[in-house]
Amino acid sequence: MTQYIIKRIGWIIFNLLVLSLIAFILIKNVPGSFLELQILIGQAGTMGTGLTISEVEKVRGVETEMMKRWGEDVPLWQQYLTFIKGLVTLDMGPSFRWPTQTIEEIIANTFPVSFTIAILAVTIAIIIGIPLGVLAALKQNSWIDYLVSALVMVVSAIPNYVMAVFVIFLFSFWIPILPTYGWGQPKNYILPVLAMSFGPIGSIAGYMRTSLLDALKQDYIRTAWAKGGTERHVIFGHAMKNSLIPLVTILGPMISHLILGTVFVEGMFGVPGMGQYFSQAAGSRDYPLMMAQTVIFGLILMIMNLIVDIIYFFLDPRIRVSRR
Amino acid sequence: MDLLLSIDNLNVYFYRSEGVLKAVDGISYNLHKGEVLGIVGESGSGKSVSVLSIVRLLPANGKIVDGSISFDGKDILKLSMNELQDIRGKDIGFVFQDPMSSLNPVITVGQQVMEPLLWHNLCSREEAYKRAKNMLGMVGIPFPEERMKEYPFQFSGGMRQRVMIAIALICNPKLLIADEPTTSLDVTTQAQIIRLLKNMRSELDMSVILITHNLALTSNFCDRLIIMYASNMMETGGTKDVLNTPSHPYTRFLLDAVPDIEVEKELVPIPGTIPDLINPPEGCKFHPRCPMSMDICRTEKPPLFPVGDGHYSACWLCGRE
Amino acid sequence: MRRFLTIILSLVILSSTFLGTAYAEKVFRWSGSWGNTWDLSFHQGFIWVHMMGLTEGLIKWDKDMNPVKGMAESYTISKDGTVYTFKIRKDAKWSNGDKVTAYDFEYGIKYILSPKNGRGSFFGGAWYIKNAKDYANAVISDPNQVGIKVLDEYTIQFTLDGPHPDFLTTCALPTLYPMHRTSIEKLGNKAFDAGNLVTNGPYKLVGYTPNVEYILEKNPYYYDADKVEVDKIVGKLGGDPFLMYRRNEVDLINVGAAQLPVIEKDPILKKELITFPQSTVNLMYFSYFEHPAFDDRRVLTALQKAIDKEKICKFVYRGLAKPAYSVVTDLIPGSTANDPEVVEKFRFDPEAARKLLAEAGYPGGKGFPTVHFLIHSGQANDPLILAVKSEWEKNLGIKVIIDNYEQGVWSVKRFEIQSEPTFTFSGASYLYPDPAAPLTLNYAEGCLVASLKTKDLVEKVRLEKEQTEALKAGDEKKASELAKRIHNIIYTRSTPEARKILSLVQQAQRTTDPKKRLELYRQANKIRDINMYSSFPLVQPMSARLVKSNFEVPFNKYLVGFPVGFAYIRTK
Ligand SMILES: Nc1ncnc2c1ncn2[C@@H]1O[C@H](COP(=O)(O)OP(=O)(O)OP(=O)(O)O)[C@@H](O)[C@H]1O
Ligand code: SF4
Ligand SMILES: [Mg+2]
């Protein structure tokens, strides 16, 4: 097992290198560079800021100064190596768009927030989604099942910003007990976590329902009934055990997605997470942040997959024993 | 001998989108304590459905619409769920057709064997462990203690079927129902399993219902046979009587398909196809394939005519004589 | 015992009265700002928060936006209007108690100008200081050549490159602010973090969570601290402002036309709504392309006369805008936005527009090239753009295609040469009420460029691209030759009107007599409004904000979306 994990980690590092190289090439090839945008803003922004014609040529001097400041005065391959070096030594320098913050600071400040929110949302989704799915599966084709299925459809189809407004209305207007905006107190977590958990509740409930229904159709369930098992024995002892294992596989991508894909919810509730930084990075061509974002995204995804595989390893004897 | 199981005019229907399928169409038989009953028939003839009814484990769309089942003096169809669960696994052990899928892949074999004891609160965990170990040894699993910690996928097909038998027998049931326990196994293993069942029956003194395609397997194990065709009982009687003096054309067909009874051999298909059970033929269900069919066969269903001592046949040919 | 009880009782009463009259902190919370650093050298949008309360220049704006003495206790201006000498008040203090000196101003302004530090989009008055531009653009590297001189600890002198009467008012803007040297040299970037940032204005920064909020608290060392009423300012940088306002989580928000119907229906909100004009014009600009139709003044007039701005203001903006006929709003002295001649020339008249277009050879829009609107994703739902499209299609029978690009791509694409006639949309704001604010020298020179025929403009852009390449390749000789050719195109092929504008602006910059100066700018404005076609003014939007009734917040027609200064907020 340890050997396996070491091998996987080796793969992750290799993949990250490939990923970052591809991302670097792509990012540098998108029209519009950070410097270009800065200079263009300088020329075309608020009236009364630009330069006279005889001065335009002089701006080139600024350009070199600025290129030096942002480390863009060296060839591309060297820029890439600098990035990798920064990544390894955890010293990636300042963000372009947030010039007084370094990339490491941004990530150190925002990752814990995004991570906590994502984990809380998934926890809530598990606590609510699994029983809902089980209930629907056990009462298949009853009104409860239809209700749950409809609910699953609705919450997975509605984007989380609509959910955000919905929970604001629910808990800030109709039952005015929570603030819509702000950060720092435990109660500030409630609404964003809630808004973000709806989608996952839907997918977990839906997934649970199908996988439990599937498990209940299996021959070994009939065996369990034939052995004289009660509902508790058969459904919770036998069927659930099998249907929960595949559920683990969807949790990994779900958590990675929630960690990074929460821009709107962050903005809506004032959550100082990673999402907003990252969503703004691309628009302003903040290369270091964009690169960091790509690597983090890849890293989170791959680590989550590794964790899922490890959990799977412990849950599913078929894999555990054959790997031994 | 005392009566253990009595089935009277059992009718089981499946409600399917195409219509109502009569999977069991008025079957009656008795089973005595210690007796071994063989049910033989082609695939789809209703063998499984008829025995699943005994423990009320029909698929959700199947329904017992008529008849009665009495087991050990209890009216099975009137029992509450709790009473039924009390019988399942304890008084009636079940061995299913496919050992590959009938065991839970993520639960240890030991746990699965112990469960019937634990679920019925028959003994403590330690005791259950000991009994499971012994039982696994009895059904021929070497090193049972180690293997109890393992999972089904670590067992071969034959071994798994032995585990299934251990599970069915762990509570010392009064009745063991083995639904084609050997179909998916290779020929040598089939014989071993049948030998095991035979040994276990004599050791534990129980009744057995053995369902099989294979007439050859019945000859030196079963006391009595029921031949089923298209949801109906075609012939029933002592094993020797049925095999030596078959009186129903369908039974004869089955026997012709097995040239030497002692040589274990799969059933050779009979010309023609099993009738569509949603729109079954009128009269004798076998008439489309029967070389001896007469006019009456096409219109009226033959009742079971006695043809010997406890030997009956549902064929107009027998009624005439 | 009784005595004892009485003492206890009186103590309780005393303490409760004390608690009851305990000072209640006055907090003002508002929404509608954004930002990414507190470092003044990145002087873009968010930096205006500095101006509203954190840092104060030699001059500040009073609540009606008149320049008044801030850190300066007195100043003198040389006769020729080029040398400004300020005396700094002795009681000026930084938020850590240090005194504010002339050296802080020198350090701050040079820090902002230095090409080694950040670079923002606006230089304002700093541009007027002698050699400041060259230093900022790394043409000269010696900061001592910049016209800033510390005469003594409390006296600073600026030498300008000409008489700029508006220099005084721009001293209130962030590019001429002092900075606290010791903390910056000691902490580097960390000096701009909340808690570390040392400021000299009425407030100090005590909290900042990017994308979430910032918190300012009263600076006890501020010389005018007694007059500052609000103890704490909270700026919320996200959320749904309208929801937050109705939940009573903020005291001030900016609203738009979309919220008006809801506000109108609510009697309380309706009372809290304040609308006021804003010195912004929404415009559409020509991009670079070659097409004779767009050199024809009849076509250009027709295009403008075909847009029903009244209707757009009424339905798109729900009254929160008025038609604009000049790129310089009537809030700027010398504007000719309301000049009857200007208005008449471009007033909506579909009949006349069609006639002009027909005269130019495109009757009913037949034969007219397809026009492209180059927009970015943020403009995708802008009803103004859709309205212009439909007006042109309906009234002139021409075809308009909207090309939507990602913001970064768009910012580059709009400066490229287009294969078909293309327009972009944006807004222009002027930060202070002086005729020179819009009519800068480079703007006047820009008029020369804007007056070029489309063919010449494209040629100029091509040459500029070549020049950049040459410079990159290090071919100085080729580059300067190209520069000459570009210069030549601009000065020989531009229209006489454009050259007239330039000479009027140059003249105005040398004029110290305020009346004469204003008249020169007015003339320049009018010539441009009547004869220049490179951009079409569309509407002048109004600001609308909701303010809780217990606050009185002076509004600012110039800094779009910001109050004028937190120190002027009064509670009721
Ligand atoms: N869940 C079900 N839904 C509908 N029809 C069913 C279902 N289960 C069984 N049947 C039908 O009932 C009939 C009898 O099935 P049964 O399983 O008893 O046959 P069998 O004799 O056991 O055959 P095999 O030898 O293949 O096991 C078949 O025609 C079958 O199609
Ligand atoms: S009843 Fe008729 S059809 Fe049926 S088996 Fe007998 S002879 Fe054949
Ligand atoms: Mg079967």
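Residues numbered from 1 in each chain as written. Chains lettered and ligands numbered in written order. Predicted model: local features only at pLDDT ≥ 70, side-chain atom pairs only at ≥ 80, totals over all residues. Heavy atoms only, no water.

### Structural notes on the overall build of chain B
When helices and strands are tallied, chain B shows 12 helices and 12 strands. Radius of gyration (C-alpha) of chain B: 20 Å, near the 20 Å computed for a compact globule of 321 residues. Across the 321 residues in chain B, those meeting the buried criterion constitute 58%. Pairs at least 24 residues apart make up 63% of the contacts formed inside chain B by residues separated by at least 6 positions. (Helix = DSSP H or I, 4+ residues; strand = E, 2+ residues; numbered from the N terminus. Rg over C-alpha atoms; globule rule 2.2 N^0.38 Å. Buried < 20%, exposed > 50% of the residue type's maximum accessible area, 1.4 Å probe, protein only. Contact = heavy atoms within 4.5 Å.)

### Points about the packing of aromatic side chains
Aromatic rings in a pair are described by how distant their centres are and how their planes are angled relative to each other. Under the counting rule described, the total for this entry stands at 46 aromatic pairs over all chains. Ring plane angle 85 degrees and centroid distance 5.6 Å describe the contact between A:W11 and A:F14, whose orientation is recorded as edge-to-face. Note that A:W11 and A:F14 are positioned in helix α1 (residues 2–29) at a spacing of three residues, about one turn of the helix. Here A:F14 falls in the partly exposed class, since its relative accessible area comes to 47%. When the ring of B:Y229 is compared with that of B:F286, the centres are 5.1 Å apart and the planes differ by 85 degrees; the resulting orientation is edge-to-face. Of this pair, B:Y229 sits in strand β9 (residues 224–229) while B:F286 sits in the loop between α10 (249–256) and α11 (295–299), placing them 57 residues apart in sequence. The buried category is assigned to B:Y229, whose relative accessible area is 1%. Assessed through its relative accessible area of 1%, B:F286 is described here as buried. Every member of this aromatic cluster is reached through a ring pair, and the members are C:F286, C:F289, C:F294, C:Y362, C:F368, C:F373, C:W392, C:F423, C:F425 and C:F536. (Phe/Tyr/Trp six-rings, centres within 6.5 Å; stacked < 30°, edge-to-face > 60°.)

### Concerning the site of ligand 2
B:C284, B:C290, B:C297, B:C315 and B:W316 are the nearest of the 13 residues found near ligand 2. In the shell around ligand 2, the residues fall into 10 nonpolar, three polar and no charged. (Near = heavy atom within 4 Å. Nonpolar A, V, L, I, M, F, W, Y, C, P; charged D, E, K, R; others polar.)

### Some thoughts on the packing of helix α13 (residues 274–283) of chain A against helix α14 (residues 287–315) of chain A
Residue and element names in this part refer to chain A. It is the contact of α13 with α14, at a shortest axis distance of 9 Å, that shows an interaxial angle of 130 degrees. Judged on the interaxial angle alone, α14 and α13 are oblique. Both α13 and α14 take part in a crossing whose hand is left-handed. Taken together, the residues of α14 that come into contact with α13 (itself represented by M274, Y277, F278, A281 and A282) are L289, M290, Q293, I296 and I300. For the contact of α13 with α14, the class distribution of residues is nine nonpolar, one polar and no charged. (Axes fitted to C-alpha atoms, helices over the stretch in contact; angles between N-to-C directions. Parallel < 35°, antiparallel > 145°, perpendicular 65-115°, else oblique. Left-handed = near helix turned anticlockwise from the far one by under 90°.)

### Notes on the site of ligand 1
Residues and elements named next belong to chain B. Neighbouring ligand 1 are 18 residues, the closest being S43, G44, S48, V49 and E180. At a separation of 3.0 Å, an oxygen atom of ligand 1 approaches a polar backbone atom of G46. Contact between ligand 1 and S48: an oxygen atom at 2.7 Å from a side-chain N or O atom of the residue. For ligand 1, the accessible surface in isolation is 630 Å², of which the surrounding protein chains cover 75%. When residues of the shell around ligand 1 are traced back to their parent elements, those giving at least two are β1 (3–16), β2 (19–32) and α1 (47–52). (Polar contact = N/O pair within 3.5 Å; in protein donor to acceptor, adjacent residues only side chain to side chain. Areas by Shrake-Rupley, 256 points an atom, 1.4 Å probe, with all protein chains shown as cover.)

### Here's the deal with the packing of helix α19 (residues 496–510) of chain C against helix α20 (residues 514–531) of chain C
Residue and element names in this part refer to chain C. At a minimum axis distance of 9 Å, the contact between α19 and α20 shows a crossing angle of 160 degrees. Considering the angle they form, α19 stands roughly antiparallel to α20. Relative to α20, the crossing made by α19 is left-handed. Residue-level inspection shows E497, K500, I501, L504, V505, Q507, A508 and Q509 of α19 in contact with α20, the latter providing R517, L520, Y521, Q523, A524, I527, R528 and N531. Classifying every residue of the contact of α19 with α20 gives eight nonpolar, four polar and four charged.

### Looking at the side chain of C:T101
Topologically, C:T101 is positioned in the loop between β5 (83–88) and α3 (102–113). Once you skip the residues sitting within four places of it in the chain, C:T101 turns out to touch C:I88 and C:E153.

### A closer look at the nonpolar core
Membership of the largest hydrophobic core comes to 308 residues, with the highest contact counts inside it found for B:Y29, B:I209, C:F86, C:F158 and C:F566. Both domain 1 (27–238 + 548–571) and domain 2 (281–451 + 494–541) of chain C contribute no fewer than three residues apiece to this core. B:I209 has contacts with B:L5, B:Y29, B:L31, B:L37, B:I39, B:V51, B:I54, B:L175, B:L176, B:I177 and B:A178, leaving out every residue within four places of it along the chain. Within the second largest apolar cluster, 43 residues are counted, among which are C:L300, C:F346, C:L384 and C:L538. (Core = buried A, V, L, I, M, F, W, Y, C linked by side-chain atoms within 4.5 Å. Domains from an automatic or database assignment.)

### Topic: the state of the cysteines
All names here are of chain B. According to the stated counting rule, one finds zero disulfides over all chains in the structure shown. Free cysteine C171: the closest other cysteine sulfur is in C123, separated by 8.1 Å. A relative accessible area of 8% means that C171 is categorised as buried. (Disulfide = S-S within 2.5 Å.)

### Describing the interface of chain B and chain A
Contacts between the two partners involve 26 residues from chain B and, on the opposite side, 23 residues from chain A. Across the chain B/chain A interface, buried area totals approximately 2200 Å², and carbon plus sulfur atoms make up 65% of it. Across the contact surface, chain B and chain A share one salt bridge. In this structure, the salt-bridge partner of B:E115 is A:K227, at a minimum N-O distance of 2.8 Å. Where chain B packs against chain A, one counts 10 residue pairs in polar contact (both at pLDDT 80 or more). Those elements that place two or more of their residues in the side of chain B that touches chain A are β6 (92–95), α3 (109–119) and α6 (157–169) of chain B. A total of four residues in the side of chain B that touches chain A trace back to one element, the largest contributor, which is α3(B). (Buried area = accessible area lost by both parts, 1.4 Å probe. Salt bridge = Lys/Arg side-chain N within 4 Å of Asp/Glu carboxyl O.)

### Comments concerning the sheet that holds strand β4 (residues 72–77) of chain C
Residues and elements named next belong to chain C. Across the sheet, four strands lie side by side as β4-β5-β7-β6; this open sheet has antiparallel pairing. In the strand order of this sheet, the two ends are held by β4 and β6 (148–152), each with one partner. Taking each pair of neighbouring strands and ignoring which way they run, the sheet shows an average axis angle of 20 degrees. Across five bridges, the pairing between β5 and strand β7 (residues 155–159) is antiparallel. (Pairing = 2+ DSSP bridges.)

### Some details on the sheet that holds β2(B)
One key point about sheets: their strands pair by backbone hydrogen bonds, in either a parallel or an antiparallel sense. Pairing in this open sheet of four strands is antiparallel, and the strands run β2-β1-β4-β5 (chain B) from one edge to the other. The sheet is open, and its two edges are formed by β2 and β5 (74–75) of chain B, each paired on a single side.

### Some details on a nonpolar patch on the surface
A contiguous nonpolar patch, built from A:W11, A:F14, A:V18, A:I22 and A:L26 and spanning about 520 Å² of accessible area, is present on the exposed surface. Relative to the assigned elements, A:V18 resides in helix α1. (Patch = residues over 30% accessible without salt bridge, like charges linked within 9 Å, V, L, I, M, F, W, Y side chains within 5 Å.)

### A word on α20(C)
Count 3.6 residues to each turn of an α-helix, and residues three or four apart come out pointing the same way. All names here are of chain C. End to end, α20 covers 26 Å across 18 residues, agreeing with the expected 26 Å (1.5 Å per residue, within 8%). Residues R517, L520, Y521, A524, N525, I527, R528, D529, I530 and N531 constitute the buried set of α20. Where α20 is buried, its residues contact α10 (297–305), α12 (340–346), α16 (441–450) and α19. (Expected span 1.5 Å × (residues − 1).)

### What about the pattern of salt bridges?
Residue and element names in this part refer to chain C. Overall, the coordinates contain 46 salt bridges over all chains when judged by the stated rule. A salt bridge links D152 to K87; the shortest N-O distance between them is 3.9 Å. Of this pair, D152 sits in strand β6 while K87 sits in strand β5; the two residues are 65 residues apart in sequence, bridging distant segments of the chain. What makes K87 partly exposed here is its relative accessible area of 32%. The salt bridge partner of D339 is K526, with a shortest N-O separation of 3.3 Å. With D339 in the loop between β14 (321–323) and α12 and K526 in helix α20, this residue pair connects regions lying 187 residues apart in the sequence.

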